[in-house]
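Observations on the three-dimensional arrangement
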Amino acid sequence: MRKVIIAGNWKMNKTIADAEVLAGSLKKSVGNVSEVEVVVCPPYTALAAVKDIVQGSNIRLGAQDCYWEKEGAFTGEVSTAMLKDAGCEYVIVGHSERRQFFHETNETVNKKAKALLKDGLKPIVCVGEKLDERKAGKTFDVVRDHVENSLAGISRDDMLKTVIAYEPVWAIGTGVNATKEQAEEVHKFIRGLLEKMYDRAAADSVRIQYGGSVKPDNIKELISEKDVDGALVGGASLKADSFEQIVRGSIK
Ligand code: 13P
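Below: a short report on this structure.

With that settled, consider the overall build of the protein. A count of helical and extended segments in the protein gives twelve helices and eight strands. In terms of C-alpha radius of gyration, the protein reaches 17 Å, essentially the compact-globule figure of 18 Å for 252 residues. On the principal axes, the C-alpha backbone points of the protein span a range of 45 × 45 × 35 Å. Burial statistics for the protein: of 252 residues in total, 53% are counted as buried. Taking all contacts inside the protein whose residues are at least 6 apart in sequence as the whole, residues at least 24 apart take part in 73%. Taken as a whole, the protein presents about 11400 Å² of accessible surface, with 51% of it coming from carbon and sulfur. Seen as two clouds, the 36 positive and the 37 negative side-chain charges of the protein have centres 2 Å apart.

Take a look at the structure:
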């Protein structure tokens, strides 16, 4: 049985004070939820403050990116060891915004995922096609390329600790979510790829989240699909009440 995982990607939002308010509300509303794994991914600047607040609850801490080198002259970067030190358990890598605006490639995503796993952190590896790629019938080719190359060389054991987030770029921040059928079709395809790369048991154990305009009113139908194991939530994770509703709506 795969445990549902709902993660809030706060992106470049929230001052430390605002992050503390949101984390405090979430601790009260979903801090005791045990049916679903709840993760919050604040910006780097708020990690320490949020960690202090969610400590002792069921809410886990995540970051939005990392760098693969251990330490040294890499101005502006944050290492996996630093994120572990800050209390993170999960780290998002390969988000489409990083692929689009910061030249992230499958190769760099792969290096980041491996560095995280080496340090005992769990990567949330994002994959997904753009609108023009979907329109051109290339969805499966793009997703195959992202999955095979972002996860290349990751051992079976490490794969079991890794989460995949299918985030069709055209659904991110647009209010147009993938339908449950569109999501399921790609999630099932990803599970098939994992079976080829590893084996059936591994493929059946890896959690695949859906991301892209997840809201309180669409979580139930998305999560009802067999291969949808959770959600990576952007906009709706910035408010305590909508995130709570998504968490509660995802309890299968
Ligand atoms: P939205 O939920 O705002 O569409 O963002 C999704 C996302 O990018 C999560 O990583």
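Positionally, Lys161 belongs in helix α8 (residues 156–161). Relative accessible area serves as the criterion here: at 42%, Lys161 is assigned to the partly exposed category. Taking the C-alpha atoms as reference points, Lys161 and Ser29, 132 residues apart in sequence, are found 27 Å from one another. Every residue in contact with Lys161, bar those within four places of it in the chain, is listed here: Leu117, Lys122 and Pro123.

In this section: the site of the ligand. Around the ligand, the structure places 13 residues, and the nearest of them are Lys11, His95, Gly173, Ser213 and Gly235. At a separation of 2.7 Å, an oxygen atom of the ligand approaches a polar side-chain atom of His95. Between an oxygen atom of the ligand and a main-chain N or O atom of Gly234, the distance comes to 2.9 Å. Contact with the protein chains hides 96% of the accessible area of the ligand, taken as 310 Å² for the molecule alone. Grouping the amino acids of the shell around the ligand by side-chain chemistry returns four nonpolar, seven polar and two charged.

Below, the discussion takes up the packing of helix α5 (residues 106–118) against helix α7 (residues 139–150). Two packed helices can be described by the angle between their axes and the distance between those axes. Two elements in contact, α5 and α7, have axes whose closest approach is 8 Å; the angle formed by their N-to-C orientations is 40°. Regarding the angle of α5 to α7, the classification is oblique. Note that α5 runs across α7; the crossing there is right-handed. Listed contacts from α7 to Asn106, Val109 and Asn110 of α5 are Asp145, His146, Asn149 and Ser150.

On to the pairing of strand β7 (residues 207–211). Regular strands place side chains that alternate from one sheet face to the opposite one. Where burial is concerned, most of β7 is hidden: five out of the five residues are buried. Going residue by residue along β7, you find Arg207, Gln209 and Gly211 tucked away on one face and Ile208 and Tyr210 tucked away on the opposite face as well. As paired elements, strand β6 (residues 163–166) and β7 share four bridges and run parallel to each other. Residue pairing for β7: Ile164 is matched across the bridge by Ile208.

To continue, consider the packing of aromatic side chains. For the structure on display, the rule yields five aromatic pairs. Where Tyr67 meets Trp68, the ring centres are 4.4 Å apart and the plane angle is 35°; that geometry is what we call tilted. Note on Trp68: relative accessible area 22%, which makes it partly exposed. Their ring planes at 80° and their centres at 6.4 Å tell us that Phe101 and Phe102 sit as a pair that is edge-to-face. Site record: aromatic cluster; members linked through ring pairs are Tyr67, Trp68 and Phe74. When the ring centre of Phe102 is taken as reference, the NZ or CZ atom of Arg98 above it lies at 4.2 Å.

The next point concerns the packing of α7 against helix α9 (residues 180–197). Where α7 contacts α9, the axes come no closer than 10 Å and their chain directions differ by 45°. With respect to each other, α7 and α9 are oriented oblique. Crossing of α7 against α9: the hand is right-handed. Of the residues in α9, those in contact with Thr139, Phe140, Val143, Arg144, Val147 and Glu148 of α7 are Glu185, Val186, Phe189, Ile190, Leu193 and Met197. Split into classes, the residues belonging to the contact of α7 with α9 amount to eight nonpolar, one polar and three charged.

Here we come to the nonpolar core. Residues Ile6 and Ile190 are the most contacted members of the largest nonpolar core, which totals 66 residues. Here this core gets six residues from one element, more than from any other, and that element is α9. Among the nonpolar cores identified, the runner-up in size contains eleven residues, and Ile5, Ile92, Cys126 and Ala165 belong to it.

Parameters and conventions
Residues numbered from 1 in each chain as written. Predicted model: local features only at pLDDT ≥ 70, side-chain atom pairs only at ≥ 80, totals over all residues. Heavy atoms only, no water. Helix = DSSP H or I, 4+ residues; strand = E, 2+ residues; numbered from the N terminus. Rg over C-alpha atoms; globule rule 2.2 N^0.38 Å. Buried < 20%, exposed > 50% of the residue type's maximum accessible area, 1.4 Å probe, protein only. Contact = heavy atoms within 4.5 Å. Areas by Shrake-Rupley, 256 points an atom, 1.4 Å probe, with all protein chains shown as cover. Lys, Arg positive; Asp, Glu negative; His and termini not counted. Charge placed at Lys NZ, Arg CZ, Asp CG, Glu CD. Near = heavy atom within 4 Å. Polar contact = N/O pair within 3.5 Å; in protein donor to acceptor, adjacent residues only side chain to side chain. Nonpolar A, V, L, I, M, F, W, Y, C, P; charged D, E, K, R; others polar. Axes fitted to C-alpha atoms, helices over the stretch in contact; angles between N-to-C directions. Parallel < 35°, antiparallel > 145°, perpendicular 65-115°, else oblique. Left-handed = near helix turned anticlockwise from the far one by under 90°. Pairing = 2+ DSSP bridges. Phe/Tyr/Trp six-rings, centres within 6.5 Å; stacked < 30°, edge-to-face > 60°. Lys NZ or Arg CZ within 6 Å of the ring centre and 35° of its normal. Core = buried A, V, L, I, M, F, W, Y, C linked by side-chain atoms within 4.5 Å.

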